[in-house]
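# Structure at a glance
Here is how the chains run, residue by residue.
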Amino acid sequence: MPESAVVTASGFNPWLIVVPVMAISVLGLIIAILLARWVLKKDTGNEAMLKISNAIKQGAEAFLRRQFRTIIYLAVGFAVLIFLLYGFVRGHQPYDPVPTALELAFWISVSFIFGAACSLIAGYIGMWVSIRSNVRTASAALRTLNEALQTALRGGAVSGLFVVAMSLIGVGGLYSLLPALNQDPKTIPLMIVGYGFGASFVALFAQLGGGIYTKAADVGADLIGKVEVGIPEDDPRNPAVVADLVGDNVGDCAGRGADLFESTAAENIGAMILGATLATAAGECGFPFALGSIAVMLFPLIARAFGIIASIIGVIAVRLDKQEKLSPMQAMNRGYYLAVVLAMILFGVASRWLLHSESAPNAWWHFFICGVIGVITSVAFVYITQYYTEYKYRPVLSIADASQTGPATTILAGMSVGFECTALPALVMSAAIVGSYYLGKSAFPPEALASGVNGGLFGTAVATMGMLATAAFILAMDTFGPIADNAGGIMEMSKQSEEMRAKTDRLDAVGNTTKALTKGYAIGSAALAAFLLFSAYMDEVKLYSHQSVFSVDIGKPVVFVGALIGAMLIFLFSALAIRAVGKAAQYIIQDVRAQYKEKPGILEFKEDPDYGRCVDIVTKGALKQMILPGLLPVAVPIAIGVLFRIFITPADPLISAESVAALLMVGTIGGIIMATFLNNSGGAWDNAKKYIEAGHYGGKRSDPHKAGVVGDTVGDPFKDTAGPSIHVLIKLLSTITLVMAPLFL
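Owing to the predicted nature of the structure, the values given are computational and were not obtained by experimental measurement.

Here we come to the overall build of the chain. Counting its regular elements, the chain contains 21 helices and zero strands. With the C-alpha coordinates aligned to their principal axes, the bounding extent of the chain is approximately 80 × 55 × 45 Å. Within the chain, the fraction of its 745 residues that count as buried is 65%. Intrachain contacts of the chain at a sequence separation of at least 6 include 84% that bridge at least 24 residues. Counting only carbon and sulfur atoms, one obtains 65% of the accessible surface of the chain, whose full area is about 24,600 Å². A distance of 4 Å separates the average location of the 52 positive side-chain charges in the chain from that of its 53 negative side-chain charges.

Below, the structure written as structure tokens:
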């Protein structure tokens, strides 16, 4: 075993970090299990409530079984392709981190499969708890609002803690395993990049398939129920209503769980690569970190582990006052800000412990402030999203006002809001990237910078860590949304009293807000993570090519073409995702119409709809439609990188890798803007409709309401299918280029 695997040159033992990381991760899993047991001990209400809950549970589990089978087939096929490309097509190179091509192929393929498996498990666990928390939340609401709030949030926290803890256990476990097999710890991140790619691969299909399902069911249920037949939302006479409730779980729980798992896994590995690069350069130039380069490389893992502790305390602290005068949103905000403050305190401790340098005494606190910038960025995204998607503010009110003159002006107003809302997030991200870069760059004295020590890119990585510090709490808030939504649907379908339904309506309203806010958080963290991973790709190309400089010159025709294809990819993917929702929705609309003809007594409560038939139809439709848009972002970067090798010359040996970098750069920028547009315009249309339903402009069943429903229907695939899937796509582009970079050289 290499000496560095046990004790670094500075005398620091890496196990002093790895063991606490693994211990805190296991603690997170134990707390998640205890929270799950606490939720599952709650009673399940009356027979009518349980019957509806069981229908939702069966539908969600049936969908995930089919979806996971499809994803597993695709993932195994891709793992074989990676092994063949690395082991036999590329061949061994002298600068590889292992002695043979087959060994490198083995480790990258194994880490890919491991990342994919962990991502599947994380998504499934989140949904498993949510489909059992919904009826218990509804039952708790019959007693107190506080109990219902805690049941829904703690049910969501199970998913959040499992996702972040499993991400850490995966990366930490691979890091622990490889030194035991005589691998140099400094090269380990290059060998486990497949883990992040495997997680991204699964996340894209989980988010995309779940998003197509949930919005096809939602659009179908709304158009038939509200527009054609004129019955309320979640009315038991609508055959598509159970499919709609199932969709909340498979899209917002399983899909988002896989999404955030992939974010944390990919960010951990990218930050480890940048940390190792910085620490090695600093040591060689006479400005070493006190605990050595391995400590810097492992900093992302301990920072993430401390975030688990903060999130646990924040979740447990959420409760209403005895009189229940405090709103559920206020109670949740208190818990969130408590988690943020604790995470930042622990982040400061980790920075001082692992990033201190005797020759650069300012380094640790510069990097700590980079983390604070990340947190401030996440809070800014929350407020920007609130402004553009809540009906207390001008953007949504302008859409509601436009609905008075019909669907066309409603669509135009929503599009205008969507385009406008890209400005502030772009400026905030720009400030965060530039601020953290120059803080990191100034962490070392001028003479270090003159010697080639630049902490700027690592500063942006630390900002991303700060933004993702409370990822477990954020995912708990996100999963809270579908649990509360399902609880409201169960109340409506089981014909509970107006007083009881008012409680779940309050939680549902909070859930709609938290889902919108977490989408803003997700795109902000995706943007910073994508920049981090892009930087890691640039570093990886330099490492594998043994070049000291690797730049992207978009003035070269071949590189410009790569950039152009990157921009096109975002638009084509969005088109395919939105079209998929439309096609799958057609299947369910046709079936509901057929059921009303076959059973005319449904609308008079004389006959029961066949909910299972709708669930089965939309399941098959969604899985069929997800394949093409899902494979597109996987195939295009590989095709560009491999095909553009024909342009390699002795004078320009990195032209193919440079073209892929341009695709990645422009695709990331286009994806961030497009996802922001889709998320916020869709959320604004949704809340404009809710504003009208609250009694404005004639209320429900009025002409403005019908126009609002049309706007909401257009916005549904924007905010819940294409938008969230692009979050994953831009990180998938980064992780796939990290994995495939050696093939482009």
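On we go.
One can describe the packing of helix α12 (residues 407–420) onto helix α21 (residues 703–740) by two numbers: an axis separation of 8 Å at closest approach and a directional angle of 45°. The angle between α12 and α21 falls in the class oblique. Crossing hand, α12 versus α21: right-handed. The residues of α21 that touch α12, namely those facing Pro407, Thr410 and Ile411, are Ala707, Val710, Gly711 and Val714. Among the residues forming the contact of α12 with α21, the class breakdown is five nonpolar, two polar and no charged.

A few words now on the packing of aromatic side chains. According to the stated counting rule, one finds 27 aromatic pairs in the structure shown. Between Phe419 and Phe677, the ring centres sit 4.6 Å apart and the planes meet at 15°, which makes this aromatic pair stacked. With a gap of 258 residues between them, Phe419 in helix α12 and Phe677 in helix α20 (residues 655–693) connect regions that are remote in the sequence. With relative accessibility at 7%, the residue Phe677 sits in the buried group. Ring pairing ties together the aromatic residues Phe78, Phe112, Phe197, Phe201 and Phe205, which thus form one cluster. The ring of Trp38 has Arg154 sitting right over it, with the charged end atom 4.6 Å from the ring centre.

Before going further, it helps to spend a moment on helix α19 (residues 611–643). End to end, α19 covers 49 Å across 33 residues, agreeing with the expected 48 Å (1.5 Å per residue, within 8%). Of all the bends in α19, the greatest reaches close to 30° and is centred on Leu632; the proline Pro633 follows between one and four positions later. One side-chain oxygen at the N-terminal end of α19 lies 3.4 Å from the backbone nitrogen of Gly612; it belongs to Asp610.

A few words now on the packing of helix α9 (residues 328–354) against helix α17 (residues 498–545). Contact geometry of α9 with α17 gives a least axis separation of 9 Å together with a crossing angle of 45°. In terms of axis orientation, α9 runs oblique to α17. Here α9 contributes Pro328, Met329 and Met332 to the contact with α17, which in turn contributes Arg506, Leu507, Val510, Thr513, Thr514 and Leu517. Counted by class, the contact of α9 with α17 contains six nonpolar, two polar and one charged residues.

Take unusual backbone geometry next. The residue Phe605 is not glycine, and still its phi comes out positive at about 65°. Relative to the elements of secondary structure, Phe605 occurs in the loop between α18 (557–598) and α19. Classification of Phe605 as partly exposed rests on a relative accessible area of 48%. Its identity as a non-glycine residue notwithstanding, Arg701 has a phi of 70°, on the positive side.

Side-chain pairs of opposite charge can arise where the charged atoms are in close proximity. Throughout the structure, instances matching the rule amount to 23 salt bridges. A salt bridge links Asp716 to Lys215; the shortest N-O distance between them is 3.7 Å. Of this pair, Asp716 sits in helix α21 while Lys215 sits in helix α6 (residues 193–229), and the two are 501 residues apart along the sequence. On the basis of relative accessible area, Asp716 is assigned to the buried category, the value being 1%. Given a relative accessible area of 4%, Lys215 falls into the buried group. Between Glu658 and Lys556 there is a salt bridge; the shortest N-O distance is 3.0 Å. Within this pair, whereas Glu658 is found in helix α20, its partner Lys556 is found in the loop between α17 and α18, the two being separated by 102 residues in sequence.

Our focus in this paragraph is the side chain of His727. Here His727 is to be found in helix α21. We classify His727 as buried; its relative accessible area is 0%. Among the polar contacts listed, one links the side chain of His727 to the side chain of Asn679, at a separation of 2.8 Å.

Here the focus is the environment of Lys597. Mapped onto the secondary structure, Lys597 falls in helix α18. A C-alpha to C-alpha distance of 33 Å links Lys597 and Ala575, two positions 22 residues apart in sequence.

Right, let's get into the state of the cysteines. This model, assessed by the stated rule, comprises zero disulfides. With no disulfide of its own, Cys285 lies closest to Cys370 among cysteine sulfurs, the gap being 20 Å.

The subject of this paragraph is the environment of Leu729. Mapped onto the elements of the fold, Leu729 is located in helix α21. You can call Leu729 buried: its relative accessible area is 0%. When the C-alpha atoms of Leu729 and Asp259 are compared, they prove to be 9.9 Å apart, with 470 residues separating the residues in sequence. With residues up to four places along the chain from it excluded, the contact list for Leu729 reads Leu204, Ile570, Phe573 and Pro633.

If you look at the biggest cluster of nonpolar residues, it comprises 261 residues, and the most contacted ones within it are Phe299, Phe444, Phe458 and Tyr537. For this core, the leading source of residues is helix α7 (residues 241–284), giving 22 residues.

Time to look at the environment of Ile554. Mapped onto the fold, Ile554 is located in the loop between α17 and α18. Note on Ile554: relative accessible area 44%, which makes it partly exposed. Residues Ile554 and Ala661 lie 107 residues apart in sequence; the distance between their C-alpha atoms is 10.0 Å. Aside from chain neighbours lying at most four places away, what touches Ile554 is Val559, Phe560 and Ala563.

Turning our attention to a nonpolar patch on the surface. A cluster of nonpolar side chains, contributed by Ile72, Tyr73, Val76, Val80, Leu84, Phe88, Val89 and Leu102, occupies part of the molecular surface with about 810 Å² of accessible area. Here the nonpolar patch gets seven residues from one element, more than from any other, and that element is helix α2 (residues 47–90). With respect to the helices and strands, Val80 occurs in helix α2. The partly exposed category is assigned to Val80, whose relative accessible area is 46%.

Taking 1.5 Å as the rise per residue, α17 with 48 residues should run 70 Å; its terminal C-alpha atoms sit 68 Å apart, in good agreement. With respect to burial, α17 is a largely interior element, 39 of its 48 residues being buried. The first or second residue beyond α17 is His546, which carries a positive phi of 60°.

The rules we used
- Residues numbered from 1 in each chain as written.
- Predicted model: local features only at pLDDT ≥ 70, side-chain atom pairs only at ≥ 80, totals over all residues.
- Heavy atoms only, no water.
- Helix = DSSP H or I, 4+ residues; strand = E, 2+ residues; numbered from the N terminus.
- Buried < 20%, exposed > 50% of the residue type's maximum accessible area, 1.4 Å probe, protein only.
- Contact = heavy atoms within 4.5 Å.
- Areas by Shrake-Rupley, 256 points an atom, 1.4 Å probe, with all protein chains shown as cover.
- Lys, Arg positive; Asp, Glu negative; His and termini not counted.
- Charge placed at Lys NZ, Arg CZ, Asp CG, Glu CD.
- Axes fitted to C-alpha atoms, helices over the stretch in contact; angles between N-to-C directions.
- Parallel < 35°, antiparallel > 145°, perpendicular 65-115°, else oblique.
- Left-handed = near helix turned anticlockwise from the far one by under 90°.
- Nonpolar A, V, L, I, M, F, W, Y, C, P; charged D, E, K, R; others polar.
- Phe/Tyr/Trp six-rings, centres within 6.5 Å; stacked < 30°, edge-to-face > 60°.
- Lys NZ or Arg CZ within 6 Å of the ring centre and 35° of its normal.
- Expected span 1.5 Å × (residues − 1).
- Bend = angle between axes of the 7 residues up to and from the residue.
- Polar contact = N/O pair within 3.5 Å; in protein donor to acceptor, adjacent residues only side chain to side chain.
- Salt bridge = Lys/Arg side-chain N within 4 Å of Asp/Glu carboxyl O.
- Disulfide = S-S within 2.5 Å.
- Core = buried A, V, L, I, M, F, W, Y, C linked by side-chain atoms within 4.5 Å.
- Patch = residues over 30% accessible without salt bridge, like charges linked within 9 Å, V, L, I, M, F, W, Y side chains within 5 Å.

Keep in mind that these numbers describe shape and distance, not what the molecule does.
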